[in-house]
Amino acid sequence: MANRKKDLTWRYQPPVDSDKAKLLSYIQNQKLHPNQDKTAMIINALTSYYMPVALHSEGSYSQETLELLLLDSAMAFANQLKYLCAALNVEPMRVGSVLCSAFPISNSNYNQTKVSDTARNEDADELDDFDPQAWNLSGITTDSETFEFIN
């Protein structure tokens, strides 16, 4: 039974001149991201966005497991936002302020660790030497079923 695979066939045909068509062309263009194929890119995005709630709705996962998946998703989102800031030359503090408005960090019920100036400078140095091919954007790992996309 362990070798059984979930089969998913999906067809989507947006208008050729639409932004969604441009998104799909980007995902299909292996030259733009030689370290990930289109299936990996799609699965990483779906996993980050939907895996915790999908497994929650399935009903047999512990709260601890679901929380760890949520935190993995949050880290994947954070890594993707860092990548986007560097790629689009957007000040990370602008994105941080949006996140802080949604998730206030002043809550005293949780231990907050402050990033030192040294760590901030190291992050800035990392962004100065930005190489999009070297970034692992998802960081998601799960023991879930394998989903194959059929072309």
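You'll find the structure just up there.
Structure report, in brief. Everything numeric here is computed off the predicted structure, so don't read it as measured data. (Residues numbered from 1 in each chain as written. Predicted model: local features only at pLDDT ≥ 70, side-chain atom pairs only at ≥ 80, totals over all residues. Heavy atoms only, no water.)

## Focus on the packing of helix α1 (residues 19–28) against helix α2 (residues 38–58)
One can describe the packing of α1 onto α2 by two numbers: an axis separation of 8 Å at closest approach and a directional angle of 120°. In this view, α1 runs oblique relative to α2, as classed from their interaxial angle. Contacts between α1 and α2 involve Y26, I27 and Q28 from the former and K38, M41 and I42 from the latter. Partitioning the contact of α1 with α2 into residue classes produces four nonpolar, one polar and one charged. (Axes fitted to C-alpha atoms, helices over the stretch in contact; angles between N-to-C directions. Helix = DSSP H or I, 4+ residues; strand = E, 2+ residues; numbered from the N terminus. Parallel < 35°, antiparallel > 145°, perpendicular 65-115°, else oblique. Contact = heavy atoms within 4.5 Å. Nonpolar A, V, L, I, M, F, W, Y, C, P; charged D, E, K, R; others polar.)

## Here's the deal with the packing of α2 against helix α3 (residues 63–88)
Orientation of α2 relative to α3, taken along the N-to-C sense of each, is 170°, at an axis distance of 8 Å. For the element pair α2 / α3, the angle class is roughly antiparallel. Facing T47, S48, Y49, M51, P52, L55 and H56 of α2, the residues of α3 in contact are L66, L69, L70, S73, A76 and F77. Tallied by class, residues from the contact of α2 with α3 come to nine nonpolar, four polar and no charged.

## A few points about the packing of aromatic side chains
Per the stated rule, a full pass over the model turns up three aromatic pairs. Taken together, a centroid distance of 5.7 Å and an interplanar angle of 5° make the contact between W10 and Y12 stacked. Each ring, one from Y49 and one from F77, has its centre 6.4 Å from the other, and the planes form 70°; the classification is edge-to-face. Placement of Y49 in helix α2 and of F77 in helix α3 is noted, with a sequence separation of 28 residues between them. Here a set of aromatic residues connected by ring pairs shows up, and it is made of Y49, Y50 and F77. (Phe/Tyr/Trp six-rings, centres within 6.5 Å; stacked < 30°, edge-to-face > 60°.)

## Quick notes on α3
If you check α3, its first and last C-alpha atoms are 37 Å apart, about what 26 residues at 1.5 Å a residue would give, namely 38 Å. Among the residues of α3, those classed as buried are L66, L69, S73, A76, N79, Y83 and C85. For α3, the secondary structure elements touched by its buried residues are α1, α2 and α4 (92–102). Positive phi shows up at N89, right after α3, with a value of about 55°. (Expected span 1.5 Å × (residues − 1). Buried < 20%, exposed > 50% of the residue type's maximum accessible area, 1.4 Å probe, protein only.)

## Some details on a nonpolar patch on the surface
A cluster of nonpolar residues, L46, Y49, Y50, V53 and F77, forms a patch on the protein surface that exposes about 520 Å² of accessible area. Top contributing element to the nonpolar patch by residue count: α2, with four residues. Within the secondary structure, L46 sits in helix α2. Residue classification places L46 among the partly exposed residues on the basis of a relative accessible area of 38%. (Patch = residues over 30% accessible without salt bridge, like charges linked within 9 Å, V, L, I, M, F, W, Y side chains within 5 Å. Areas by Shrake-Rupley, 256 points an atom, 1.4 Å probe, with all protein chains shown as cover. Salt bridge = Lys/Arg side-chain N within 4 Å of Asp/Glu carboxyl O.)

## Topic: the side chain of S18
Along the polypeptide, S18 turns up in the loop between β1 (6–8) and α1. A polar atom in the side chain of S18 sits 2.7 Å from the backbone oxygen of P15. Within the local environment of S18, its side chain forms a polar contact with the backbone nitrogen of A21, the two atoms lying 3.1 Å apart. (Polar contact = N/O pair within 3.5 Å; in protein donor to acceptor, adjacent residues only side chain to side chain.)

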